[in-house]
Structures are given as structure tokens and as C-alpha cells.
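# Understanding the architecture of this molecule
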Amino acid sequence: MTSQDKIIWIIGATSGIGEELCKIYAADGWQVIASGRRAERLAALEETSDAIRALRLDVTDKDEVALAVQKLDADACLPDLTLYCAGVFPIGGFSTLTDEICVNAMDTNYFGAVRTIHNLFPLLKKRGSGQVAIISSLSGYGGLPFAASYGPTKAALINLCESLKPSFDKANLTLSVINPGFVKTDMTKDSKVPMPFIISAESAAKRIKKGLARKGFETTFPLPLAVALKLMRFVPYWAYFKLVGLTTGKQRPS
Ligand SMILES: NC(=O)c1ccc[n+]([C@@H]2O[C@H](COP(=O)([O-])OP(=O)(O)OC[C@H]3O[C@@H](n4cnc5c(N)ncnc54)[C@H](OP(=O)(O)O)[C@@H]3O)[C@@H](O)[C@H]2O)c1
């Protein structure tokens, strides 16, 4: 790997959107560092391209995250773009409100991102360049049925990015948040819940890459769902719950 190459670090690269992102960035000439827990999936990814290198990582382990960033720095592989894609989606309502499920969801989806930024930001600031992108979700815009333990983690991520944006700006760095709607991946494959405007992981990855190249703050898609959910933040709650009910039909979470 040469320092001339653009480096992207994809955390949560072993399946779904992250895996597609690995492939399209590698095909576009980037050096890709792929992270996740499943070693066999990382090895398979490395097989697909010489540009992909695995860095095994469990984002719930704060020491592992710190060591991973130290290793990238020591190898002169500090990323130009870091994409935090790691996530879990325990689908459901009240039934998912166990300590085990909710703590793991927050630990993976939110605290993993916090740990990543905490370790990376000072090094990027010192270098004076870099972009960090966090994959949140449209479900972070407002409470949705079937996302009682997931939506709060995504709302927290959006809030985190809004809060940190001025610090990134001041350091001449870019912080981006990505809010996708439904995407066909392992995460959604067993879902019995209606998923309007669902798109493929490949399509999602292409939209994310295009959005990140703009270096704007938010990338969101698909447009009709994103606009509807954004506008729903401004209607009275009685109307909000009626509109949400229309999308779920007769289905109610347990
Ligand atoms: N699919 C959707 O409809 C949708 C919609 C909006 C937002 N999103 C978000 O998009 C991101 C990617 O999701 P996806 O749909 O592509 O799901 P996915 O195929 O299940 O991928 C999830 C990724 O997260 C990684 N991950 C989970 N726990 C981890 C941990 N403790 N440490 C490191 N990596 C971990 C997984 O790798 P390992 O298991 O190998 O660790 C995997 O690579 C998630 O943040 C998700 O919330 C998805």
C-alpha cells in the first residue's frame, strides 16, 4: 500500500451494505481496509481484490477499537475516509426491551461509533484532513413500531453527528451521516414487517458513495420515504401515529 493511494476504512464490512461498499471502492482504485468480527467473511473479501485488506475488529471492545486505530496510524494507513457501518437490528417492539438486546444494540450501533471517533479524531486533526461517515437510519428521525431497541440507537447517532459537526469543521475535517431507508441485507431478510421502497445493497452502496463524494453533511435515500419521514417530524403526534399506522397496516409489534 502506498501513501499516494486513497484509503477507506469500512467498519461492518463483512456483509450487506458494508460488503458492497468494499467492492465498489476497491473497483474505483481505493485501498480498502475491511473490519468486522467474522474472520471467514473477511478472508473471503480479501480474496475478491488485492486492494482489500482485513482488520478484524469487534466494535464493542474499546481496547480493540483503540488498537485498530493505533495499528492503522503505525502502518501509515490512517484513512482518508472512515465509514462506520457496523450495526445490529433486533426487530420488534416491547419484546426487544431486554437488557441484553438493548445494551448490545446501543453498544454496537452507537458506542462503537463513539469509540471509533474518539480514537480517530485527534489523529485526523493532527494530519489536517479526513472524512468520517456514520451510517444511521431513517428510523432515527422518529419512533417507529418494530424498532423499539434499534431506533433510539440511530437517533443517538444522528444527534451525535449534529453535535460533533462544528468540531470537525473547526479541524478542517468532514463528518457525514447517512440515513438509508430499507435495504435488502441479512439485517432485513427475515423481517415480516412492511418495508416500502426497499432497495438492493448494491444500489444503497452506490448512493452512499455518490453522497460521500459531495462531502455534504447528510446523505439520505430513498427520497420519497426520507421526505415523508422528515415532514412527519413537524406534524402533531395524533397525525404522526396515524401516518405510521398506515405503513404497518394491521401489523402491531409485540
Ligand atoms: N438494511 C437496512 O434496511 C438498513 C437501513 C438503514 C440503516 N442500516 C444500517 O446499515 C448498516 C449496515 O447494515 P446492513 O443492512 O448491511 O446489515 P448486515 O448485513 O447485517 O451488516 C452488519 C455489519 O455490522 C457488523 N457488525 C455487527 N456487530 C459488530 C461488532 N460488534 N463489531 C464489528 N462489526 C459488527 C457485521 O459484521 P460481523 O458480524 O462480522 O461483526 C456486518 O458486517 C447498519 O448500521 C444498519 O443499521 C441498514
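Residues numbered from 1 in each chain as written. Predicted model: local features only at pLDDT ≥ 70, side-chain atom pairs only at ≥ 80, totals over all residues. Heavy atoms only, no water.

Taking an unreviewed UniProt entry as the reference, the chain is identified by name as Serine 3-dehydrogenase belonging to Pseudovibrio axinellae. Per UniProt, the chain carries the Sequence similarities (unreviewed entry) text "Belongs to the short-chain dehydrogenases/reductases (SDR) family." (UniProt positions renumbered as here; feature names shortened; annotations may be inferred.)

## Brief notes about the layout of surface pockets
Its boundaries defined by the atoms lining it, the second largest pocket holds a volume of some 260 Å³. Around the second largest pocket sit 17 residues that line it, and Lys6, Trp30, Asp80, Gln131 and Lys215 are the ones nearest its centre. For the lining of the second largest pocket, the leading source of residues is helix α6 (residues 201–214), giving three residues. Among the residues forming the lining of the second largest pocket, the class breakdown is six nonpolar, five polar and six charged. (1 Å grid on protein atoms, 1.4 Å probe; cavity = no way out; pocket = protein on both sides within 12 Å on 5 of 7 lines; lining within 4 Å. Points joined across faces, edges and corners; volume = space filled by probe spheres on them. Helix = DSSP H or I, 4+ residues; strand = E, 2+ residues; numbered from the N terminus. Nonpolar A, V, L, I, M, F, W, Y, C, P; charged D, E, K, R; others polar.)

## Overview of the pairing of strand β4 (residues 81–84)
Where burial is concerned, the two faces of β4 agree: the one with Leu81 and Leu83 and the one with Thr82 and Tyr84 are both buried. Direction of pairing for strand β1 (residues 7–11) relative to β4: parallel, over a ladder of four bridges. Bridge pairing in β4 places isoleucine 8 opposite leucine 81. Summarising the sheet, β4 and strand β5 (residues 131–135) pair through four bridges and their orientation is parallel. When the sheet's bridge partners are listed, leucine 81 is paired in β5 with glutamine 131. In this fold, β4 hands off to helix α4 (residues 99–127), which returns the chain to β5; that crossover is right-handed. (Buried < 20%, exposed > 50% of the residue type's maximum accessible area, 1.4 Å probe, protein only. Pairing = 2+ DSSP bridges. Right-handed = clockwise from strand over helix to strand, strands pointing away.)

## Remarks on empty space enclosed by the protein
Vacant regions in the atomic arrangement are exposed by a probe of water-molecule size rolled over the atoms. Scanning the model with the defined rule gives one cavity of 30 Å³ or more in all. Its volume calculated, the largest cavity comes out at about 30 Å³. Taken together, Tyr141, Gly142, Leu144, Leu229, Arg233 and Tyr240 form the lining of the largest cavity. For the lining of the largest cavity, the per-class residue count stands at four nonpolar, one polar and one charged.

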